[in-house]
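Structural overview for review
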Amino acid sequence: MSTLEIRDLHVSVNTEAGEKEILKGVDLTIRSGETHAIMGPNGSGKSTLAYSIAGHPKYTITSGTVTLDGRDLLTLSVDERARAGLFLAMQYPVEVPGVSVANFLRTAKTAIDGEAPKLRTWVKDVNGAMDRVQMDREFAQRSVNEGFSGGEKKRHEIVQLELLNPQFAILDETDSGLDIDALRVVSEGVNRFSAQGDRGVLLITHYTRILRYIKPDFVHVFVAGRVAEQGGAELAERLEAEGYDRYVRAAAAATAGAGVERV
């Protein structure tokens, strides 16, 4: 069993107004075979957490630790984190003009495994992965995400997930911009990944609709850069009914109280 452990993580980002702290002490443990959902309002730091774990240079980790089976991920480069077993599906996948999907996938697989996959079996694997997300095979010859619809980009992310098969998948609002059919297909891909039994998922979302297809073991409410509450799948249903308002008000009151104490 593998464990991705985040302890007292503080992260800042540079803005026009100066350095701003986004994450303010995040604690989270994800084990093999578990699916964790992070829910929260806009601007609460959910995506910052995902990109910080993956190693995005925009974000500065000021304190705390992120370890995978005891290995300090924060000392590793982005590609080293991927080889260690991390995968990030982005909310807004970028276009890579001039690089075909086929070349991108094979290059990524070679980098992760340390050797190139056998071409005959690899083509079969790629075609199978694309078929399972109902993605036309001709997309393999197109430039990565160039001219893709939102749904096609997210299906391509699931193709990557299946072929690279990481230890832990971090999915940043994978449901964003999907119609009901694409949502179902993408969710089925995540469930196939999880069904292996020894893979962990950290799913970031605003809404419960994807959680009707992907059943989380744990739900964490993320507000103002911290985990405000955690529970099981029933917590997501409560959030759907009640919203985040009481958490936002509690965080604002705590911030105001801390300001008074400093004065």
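The present account deals with the structure reproduced in this document.

About the criteria used
- Per-chain numbering applies: the sequence of each chain, read as written, is numbered from 1 onward.
- Selection of residues for local features in this predicted model requires a pLDDT of at least 70, selection of side-chain atom pairs for listing and counting requires 80 or more, and totals for whole chains, interfaces and linings are taken over all residues.
- Each side-chain value is worked out from all heavy atoms of the structure, with water and hydrogens disregarded.
- Comment: elements are numbered from the N terminus, with helices defined as DSSP H or I runs of at least four residues and strands as E runs of at least two.
- Computation of the radius of gyration draws on C-alpha atoms, with the globule rule given as 2.2 Å multiplied by the number of residues to the power 0.38.
- Note on classification: 1.4 Å probe, protein chains only; a residue is buried when its accessible area is under 20% of the maximum for its type, exposed when over 50%, partly exposed between these limits.
- Note on contacts: a residue pair qualifies if any of its non-hydrogen atoms lie within 4.5 Å across the two residues.
- In this count, Lys and Arg are taken as positive residues and Asp and Glu as negative ones, while His and the chain termini are left out.
- A single reference atom marks each charge: NZ on Lys, CZ on Arg, CG on Asp, CD on Glu.
- At least two bridges found by DSSP between two strands are what make those strands a pair.
- Each axis is a line fitted through C-alpha atoms, and for a helix only the stretch in contact is used; angles between axes span 0 to 180 degrees, taken between their N-to-C directions.
- Centre distance within 6.5 Å is the pairing criterion for rings of Phe, Tyr and Trp, where only the six-membered ring of Trp is used; planes under 30 degrees apart are then read as stacked, over 60 as edge-to-face, and the remainder as tilted.
- Ring-over charges, as used throughout, are those where CZ of Arg or NZ of Lys falls within 6 Å of the ring centre and within 35 degrees of the ring normal.

Examining the overall build of the protein
Within the protein, the regular secondary structure consists of eight helices and 12 strands. Taken over C-alpha atoms, the radius of gyration comes to 19 Å for the protein, in line with the 18 Å a tight globule of 263 residues would show. Relative to its 263 residues, the protein shows a buried fraction of 48%. For the protein, long-range pairs separated by at least 24 residues make up 70% of all intrachain contacts whose partners lie at least 6 apart in sequence. Charged side chains of the protein number 31 positive and 37 negative; the gap between the two group centres comes to 2 Å.

Concerning the sheet that holds strand β9 (residues 168-172)
Two strands in a sheet stick together by hydrogen bonds in their backbones, pointing the same way (parallel) or opposite ways (antiparallel). Strand order in the open sheet formed by six strands is β6-β9-β10-β3-β11-β12, and the pairing between neighbours is mixed. This sheet does not close on itself; its edge strands, each paired only once, are β6 (86-89) and β12 (226-231). Across the sheet, the axes of successive neighbouring strands diverge by a mean angle of 20 degrees, strand direction being ignored. Alignment of strand β3 (residues 35-39) against strand β10 (residues 200-205), held across five bridges, turns out to be parallel. Counted as the bridge partner of His36 is Leu202 from β10.

Description of the packing of aromatic side chains
Taken as a whole and assessed by the stated rule, the structure comprises two aromatic pairs. Plain terms: the ring middles of Tyr51 and Tyr59 are 6.3 Å apart, the flat faces sit at 20 degrees to each other, and that makes the pair stacked. Look at Phe139 and Phe148: their rings are 4.9 Å apart centre to centre, the planes differ by 90 degrees, and that puts the pair in the edge-to-face class. The exposure classification of Phe139 matches that of Phe148, with both residues buried. Directly above the ring of Tyr247 sits Arg246, whose terminal nitrogen or CZ lies 4.5 Å from the centroid.

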